[in-house]
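Descriptive structure summary
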Amino acid sequence: MGLIAHALEAEGIPTLCMSSAWSITASVNPPRATFLDFPLGHTSGRPGRPEEQLEILRDVLRAFANIETPGTIVRLPYSWGEDWRRAEPRETGDARTERSDTPVYQSEADRSAALARFGESRACRGCAAQDVPTR
Amino acid sequence: MAEDAPVDYIARTLATYRKLGYPDYRWARNEGVPPFAPLSREVSRSRLLLIASGGIYRSGQVAFHHKDDVSFREIPSDVDTGELRTSHFAYDQTAARRDPNVVFPIEPLRALVKEGALGGLCDDVLTFMGGIYSQRRLREELVPRLLENARGQAPDLALLVPV
C-alpha cells in the first residue's frame, strides 16, 4: 500500500494508511498512517462490533485532519483485551494456500455466478490482469 | 520485547521463510520524507475513496487468484455487505467472512457520512489482493490502473486499508 499511497500523494490526493503491522508500515513509510494493535485480518476492527468500528474510523478521520508531519504513524487507543501475541502459535510451517493463477472463490455459488456472467475463460481460468472484468 | 510492543511481522516472516528454505523477502523500504499532499478542504466536506487490499470481491465478480494477482475490482460504495466475499492466500479470513467491515470498513464510513463527520464517499471502492511479491508488476501493472480509476473518481481523500 505504501507504493500506492506515494503515487496518489504525487497526484495531489492526500492518503491515510490503516495498519496493524507496525514494522511493515514503518518500512514502507506512508505519508499518514494509523496503527491498530489487533491480529492480522482485523485492520479496521473486530467482527460484529459496529460501535467500536465506528469509533476507530472516527479516529482515523481525526488523524487525517491532524497529521501535519509526513511519515507520522498515530497509534489508536484500542486493546484486543487479551494477549493475542503470546497466544498465537509459533509459525513452523507455511499456512499459505497454493499459488496458481486460477481464481479462488469463497463458494461454489460465487463461482457459478461469475461463470454465468463472464464465461469459463475469464471466470475460472488464469487470464491477463487487464482482461479480468473489474465490475 | 515489551508487553505492548507491536509484533515485528518482518522479523517473524523472515524467520519462517528461512526455516522453509525460501530466499529472504525484501519489503519495500522508502527512506526519507514521503510525498505529502495537503487536505484541500475539511474532512466533513471531503469525498473519500476507499482502497482495500484484503482480496475482497462481490458475489458475481471474478475472484482473485493467488499468484501475484495484479487485477482490481470496483465495488459500489452502497453495496450490501452480505454480498461481499474474500479470496486471499495469506491471512486468516474467518473474521472478514463473518463481518467484511474488519478489512473493508464501509458501514462505519457510511455512518460517518450520515452524521456529517465525512463529506461523502466516491461511487466505487477499489479492491485487490495484497501480498503481490513482484514489486515490478505492482508498479507497472496495478498502480497505474488504480491511479487512472482514482483520477476519474476525483476524491479529496484516499483511505488505504491493507491486510
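In this text the structure is predicted, and so the values were computed from the model without any measurement.

**Description of the overall build of chain B**
Across its full length, chain B holds four helices and seven strands. Listed by position from the N terminus, the elements making up chain B come as α-β-β-β-β-α-α-β-β-α-β. The C-alpha extent of chain B, read off along each of the three principal axes, is 50 × 40 × 40 Å. Out of the 163 residues in chain B, the part that is buried amounts to 42%. Partitioning the intrachain contacts of chain B with sequence separation of at least 6 by distance along the chain shows that 77% fall at a separation of at least 24.

**Here we look at the overall build of chain A**
Scanning chain A from terminus to terminus reveals six helices and three strands. Shown N-terminal to C-terminal, the secondary structure of chain A runs as helices and strands in the order α-β-α-β-α-β-α-α-α. Judged by the C-alpha coordinates and their principal axes, chain A covers about 50 × 40 × 30 Å. Across the 135 residues in chain A, those meeting the buried criterion constitute 35%.

**Notes on the pairing of strand S3 (residues 73-76) of chain B**
Residues and elements named next belong to chain B. Side chains Arg73 and Ile75 of S3 all project onto a buried face; the interleaved residues Glu74 and Pro76 project onto a face where none is buried. For S3 and strand S6 (residues 124-127), the ladder comprises four bridges, and the chain directions are antiparallel. Looking at the pairing, Ile75 lines up with Val125 of S6.

**Overview of the environment of A:Val104**
Topologically, A:Val104 is positioned in the loop between helix H4 (84-87) and helix H5 (108-118). Counting along the chain gives 36 residues from A:Val104 to A:Glu68, while the straight-line C-alpha distance between them is 41 Å. If we ignore the near neighbours within four places in the chain, the residues touching A:Val104 are B:Ala63, B:Phe64, B:His65, B:His66 and B:Ser87.

**Details of the pairing of strand S1 (residues 15-19) of chain A**
Remember that side chains alternate between the two faces of the sheet whenever the strand is regular. Counting buried residues in S1(A) gives five out of five residues, a clear majority hidden from the surface. Burial of the side chains of S1(A) extends over both faces: A:Thr15, A:Cys17 and A:Ser19 are buried on one face and A:Leu16 and A:Met18 on the other. Sheet topology note: the S1(A)/strand S7 (residues 157-161) of chain B ladder contains three bridges and is parallel. In the strand pairing of S7(B), A:Cys17 is matched with B:Leu160.

**Concerning the domain arrangement of chain A**
Each domain of chain A was delimited in the assignment, giving domain 1 (2-80) and domain 2 (99-135). Taking only C-alpha atoms into account, the centre of domain 1 of chain A sits 31 Å from that of domain 2 of chain A.

**Side note on the interface of chain A and chain B**
Contact residues are listed per partner, giving 75 residues for chain A and 76 residues for chain B. Classifying every residue of the side of chain A that touches chain B gives 38 nonpolar, 22 polar and 15 charged.

**Thoughts on helix H4 (residues 135-153) of chain B**
With 19 residues, H4(B) ought to run about 27 Å at 1.5 Å a step, and its terminal C-alpha atoms sit 25 Å apart, in line with that. Along H4(B), the largest kink reaches about 35° and is centred on B:Leu142; proline B:Pro144 follows within four residues of it. Within H4(B) the residues assigned to the buried category are B:Leu142, B:Leu146 and B:Ala150. At its buried positions, H4(B) is contacted by helix H1 (2-10) of chain A together with strand S1 (47-52), S6 and S7 of chain B.

**Brief notes about the packing of helix H3 (residues 50-66) of chain A against helix H3 (residues 106-114) of chain B**
Running from N to C, H3(A) and H3(B) point in directions that differ by 65°, and their axes come no closer than 9 Å. It follows from the interaxial angle that H3(A) and H3(B) lie roughly perpendicular. Between H3(A) and H3(B) lies a crossing of right-handed hand. Residues A:Pro50, A:Gln53, A:Leu54, A:Leu57, A:Arg58 and A:Leu61 of H3(A) pack against B:Glu107, B:Pro108, B:Leu109, B:Ala111 and B:Leu112 of H3(B). Looking at side-chain class alone, the contact of H3(A) with H3(B) contains eight nonpolar, one polar and two charged residues.

**Concerning H3(B)**
Every buried residue of H3(B) is accounted for by B:Ile106, B:Pro108, B:Leu109 and B:Leu112. Along H3(B), the residues classed as buried sweep out an arc of 165° about the axis, all on the same side. Of the surrounding secondary structure, the elements contacted by the buried residues of H3(B) are H3 of chain A together with S1, strand S5 (120-121) and S6 of chain B. Backbone geometry just downstream of H3(B) places B:Gly116 in the positive-phi region, at approximately 90°.

**Observations concerning the packing of H1(A) against H4(B)**
Contact pair H1(A) / H4(B): the axes reach a minimum separation of 10 Å and the direction vectors enclose 45°. One element, H1(A), and the other, H4(B), form an angle in the oblique class. For the pair H1(A) and H4(B), the sense of crossing is right-handed. Contacts from A:Leu3, A:Ile4, A:Ala7 and A:Leu8 in H1(A) reach B:Leu138, B:Arg139, B:Val143, B:Leu146, B:Leu147 and B:Ala150 in H4(B).

**Quick notes on the confidence of the model for chain B**
Here chain B averages 92 in pLDDT, and 97% of its residues register 70 or above. Here the complex is predicted with pTM 0.93, and the ipTM for its interfaces comes to 0.93.

Analysis parameters
Residues numbered from 1 in each chain as written. Chains lettered and ligands numbered in written order. Predicted model: local features only at pLDDT ≥ 70, side-chain atom pairs only at ≥ 80, totals over all residues. Helix = DSSP H or I, 4+ residues; strand = E, 2+ residues; numbered from the N terminus. Buried ≥ 20, exposed ≤ 12 C-beta atoms within 10 Å, placed from the backbone. Contact = placed C-beta atoms within 7 Å. Pairing = 2+ DSSP bridges. Domains from an automatic or database assignment. Nonpolar A, V, L, I, M, F, W, Y, C, P; charged D, E, K, R; others polar. Expected span 1.5 Å × (residues − 1). Bend = angle between axes of the 7 residues up to and from the residue. Axes fitted to C-alpha atoms, helices over the stretch in contact; angles between N-to-C directions. Parallel < 35°, antiparallel > 145°, perpendicular 65-115°, else oblique. Left-handed = near helix turned anticlockwise from the far one by under 90°. Arc of directions from axis to C-beta. pLDDT = per-residue confidence, 0-100.

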